[in-house]
Structures are given as structure tokens and as C-alpha cells.
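Understanding the architecture of this molecule
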Amino acid sequence: MAKLRSKPCDRCNDLVNLRYRIQYKPDGNWVLVCPNCWQEVSQDNPHYRYGGTWKAKGKSSCHLVCIEYDNAGSPNHCSD
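Presented here is a report on the structure given in the accompanying data block. Quick caveat: nothing in here was measured; it's all calculated off a predicted structure.

About the cut-offs
- Residues numbered from 1 in each chain as written.
- Predicted model: local features only at pLDDT ≥ 70, side-chain atom pairs only at ≥ 80, totals over all residues.
- Heavy atoms only, no water.
- Helix = DSSP H or I, 4+ residues; strand = E, 2+ residues; numbered from the N terminus.
- Buried < 20%, exposed > 50% of the residue type's maximum accessible area, 1.4 Å probe, protein only.
- Contact = heavy atoms within 4.5 Å.
- Areas by Shrake-Rupley, 256 points an atom, 1.4 Å probe, with all protein chains shown as cover.
- Disulfide = S-S within 2.5 Å.
- Salt bridge = Lys/Arg side-chain N within 4 Å of Asp/Glu carboxyl O.

Counting its secondary structure elements, the protein chain contains 1 helix and 6 strands. In sequence order, the secondary structure elements of the protein chain are arranged as β-β-β-β-α-β-β. With 80 residues in all, the protein chain has 34% of them scored as buried. Long-range contacts, defined here as pairs at least 24 residues apart, represent 40% of the contacts in the protein chain between residues at least 6 apart. Approximately 5400 Å² of the protein chain is accessible, and the part contributed by carbon and sulfur atoms is 46%.

Here it is as C-alpha cells:
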């Protein structure tokens, strides 16, 4: 079985297997954050925007797997 390729959260630097691509600051830069940081920065934030979910896969297949969000800006987790 292939080893998962964890990546650091752009906000807290924890190594994680799941990150959300979001904007949450006025500068509008996209970052990839872990679920814990996502919970903190997405609540009541007028600058928040969801842009996809990155899931760690085997060595050769790391990628964003979902780029859907609802009208309220909350992620709709896509089915595989």
C-alpha cells in the first residue's frame, strides 16, 4: 500500500492528510488549511471563500478533489 503524502497547513504548519483551499484575509490570497484552522477562520468571516478540498493520496496522486461550494460559501463535499 502506498504511503500517504501529508502536507503542512499554511496557517499552523501541522502535517495533515486533508486541507481546504480557502481565502480568508482581505488580500484574497488562496491558502490550504487543515480542518481545525478552517473551522476557526471560516466562521463569521466576510473574506472567507471556499475553493476546494485536497486529500492526501498515494505518492503519485495528490490533487484537489472538489471545488464546489453552496450559496452561503459552505463546502459541499463531493462524492468520489
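Phi at Asn13 takes a positive value of approximately 70 degrees, unusual for a residue other than glycine. With relative accessibility at 57%, the residue Asn13 sits in the exposed group.

With that settled, consider the state of the cysteines. Per the counting criterion, the structure on display carries 0 disulfides. Cys9 takes part in no disulfide bond, and the closest cysteine sulfur to it belongs to Cys12, at a distance of 3.7 Å. Its relative accessible area of 0% is what places Cys9 among the buried residues. The thiol of Cys37 is unpaired, and the distance to the nearest cysteine sulfur, on Cys34, comes to 3.7 Å.

Proximity of charged atoms lets side chains of opposite charge pair with each other. If you walk through the whole model with that rule in mind, you get 1 salt bridge. Note that Arg11 and Glu40 form a salt bridge whose closest N and O atoms lie 2.9 Å from each other. Taken together, the positions of Arg11 in the loop between strand E1 (7-8) and strand E2 (15-16) and Glu40 in helix H1 (residues 35-42) put the pair 29 residues apart, joining distant regions of the chain.

On their own, these measurements won't tell you what the molecule is for.
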